[in-house]
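# Descriptive analysis of the structure
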Amino acid sequence: MRAIPLPVRQRILQLYERGKGTREIAEFLGFCVAAVRRVRQQYKDRGTLEPQTHLCGRSTLLTEERKVRLQRLLSEQPDATLAELGACMDRPFRTSTVDLWLRQLGWTYKKNSVRRRTRPARRG
């Protein structure tokens, strides 16, 4: 969900100052009552109308120490599997997490050409 734009937030406060009610403002601007009330409450708490979107989401577990350790593990053993890399970290991590980290660091992998099929699979 995107934040309410700053000009709309300013308009909400102007309408409050003119004596309009929360439900009336919500109907006029096309927002739900809770969103309009939240804008006013956040302005009272923080003193600014800027949306607080930078605090959204979960912080990453890929710290600088783990980046260094992961790159060192890859340089020592470039053919290690994701499971092996996850097990060698400071605490165990799942393969999906290690895969995500490797993609963020710009590492790619190449499939083993020996395991590829040399002819199409039979249908039968």
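First, a word on scope: everything that follows refers to the structure included in this document. Predicted model only: the values in this text are computed from it and were never measured.

### Considering the overall build of the chain
- Along its length, the chain carries 6 helices and 0 strands.
- Listed N to C, the secondary structure of the chain is α-α-α-α-α-α in terms of helices and strands.
- Here the chain, with 124 residues, has 22% of them falling under the buried criterion.
- Expressed as a percentage of contacts within the chain between residues at least 6 apart in sequence, the contacts between residues at least 24 apart total 42%.
- Element-wise, carbon and sulfur atoms account for 49% of the exposed surface of the chain, whose accessible area totals about 10,300 Å².

### Describing the packing of helix α2 (residues 22-29) against helix α3 (residues 33-46)
- Following both chains from N to C, one finds α2 and α3 inclined at 110 degrees, their axes separated by 8 Å at the closest point. Classified by the angle their axes make, α2 and α3 are roughly perpendicular. Pair α2 / α3 crosses with right-handed handedness. Contacts between α2 and α3 involve Thr22, Arg23, Ile25 and Ala26 from the first element and Val33, Val36 and Arg37 from the second.

### Things to note about the side chain of Arg9
- Locating Arg9 in the fold gives a position in helix α1 (residues 6-17).
- Nearest to the buried, unbridged Arg9 among oppositely charged side chains is Glu50, at 7.6 Å.
- Within the structure, Arg9 has its side chain in polar contact with the backbone oxygen of Ile4 (distance 2.8 Å).
- When residues no more than four places from it in sequence are discounted, the contact partners of Arg9 are Ala3, Ile4, Val39, Gln42, Leu49 and Pro51.

### Thoughts on the packing of α1 against α2
- Interaxial distance between α1 and α2 falls to 10 Å at its minimum, and their mutual angle equals 140 degrees. Taken together, the axes of α1 and α2 are oblique relative to one another. The interaxial crossing formed by α1 with α2 has right-handed handedness. Where α1 approaches α2, its residues Val8, Arg11, Ile12, Leu15 and Tyr16 are matched on the opposing element by Thr22, Ile25, Phe28 and Leu29.
- Taken together, the residues of the contact of α1 with α2 break down into 7 nonpolar, 1 polar and 1 charged.

### Brief notes about the packing of aromatic side chains
- Considering all chains together, one arrives at 1 aromatic pair under this definition.
- In this structure, Arg40 packs its charged tip against the face of Tyr16, placed 4.2 Å from the ring centre.

### Some thoughts on the pattern of salt bridges
- Throughout the structure, instances matching the rule amount to 5 salt bridges.
- As a salt-bridge pair, Arg103 and Asp99 come within 3.1 Å of each other at their nearest N and O atoms. A residue pair is termed a helical-turn pair when its members lie 3 or 4 positions apart in one helix, as Arg103 and Asp99 do in helix α6 (residues 95-104) at 4 residues.

Rules used throughout
- Residues numbered from 1 in each chain as written.
- Predicted model: local features only at pLDDT ≥ 70, side-chain atom pairs only at ≥ 80, totals over all residues.
- Heavy atoms only, no water.
- Helix = DSSP H or I, 4+ residues; strand = E, 2+ residues; numbered from the N terminus.
- Buried < 20%, exposed > 50% of the residue type's maximum accessible area, 1.4 Å probe, protein only.
- Contact = heavy atoms within 4.5 Å.
- Areas by Shrake-Rupley, 256 points an atom, 1.4 Å probe, with all protein chains shown as cover.
- Axes fitted to C-alpha atoms, helices over the stretch in contact; angles between N-to-C directions.
- Parallel < 35°, antiparallel > 145°, perpendicular 65-115°, else oblique.
- Left-handed = near helix turned anticlockwise from the far one by under 90°.
- Lys, Arg positive; Asp, Glu negative; His and termini not counted.
- Salt bridge = Lys/Arg side-chain N within 4 Å of Asp/Glu carboxyl O.
- Polar contact = N/O pair within 3.5 Å; in protein donor to acceptor, adjacent residues only side chain to side chain.
- Nonpolar A, V, L, I, M, F, W, Y, C, P; charged D, E, K, R; others polar.
- Phe/Tyr/Trp six-rings, centres within 6.5 Å; stacked < 30°, edge-to-face > 60°.
- Lys NZ or Arg CZ within 6 Å of the ring centre and 35° of its normal.

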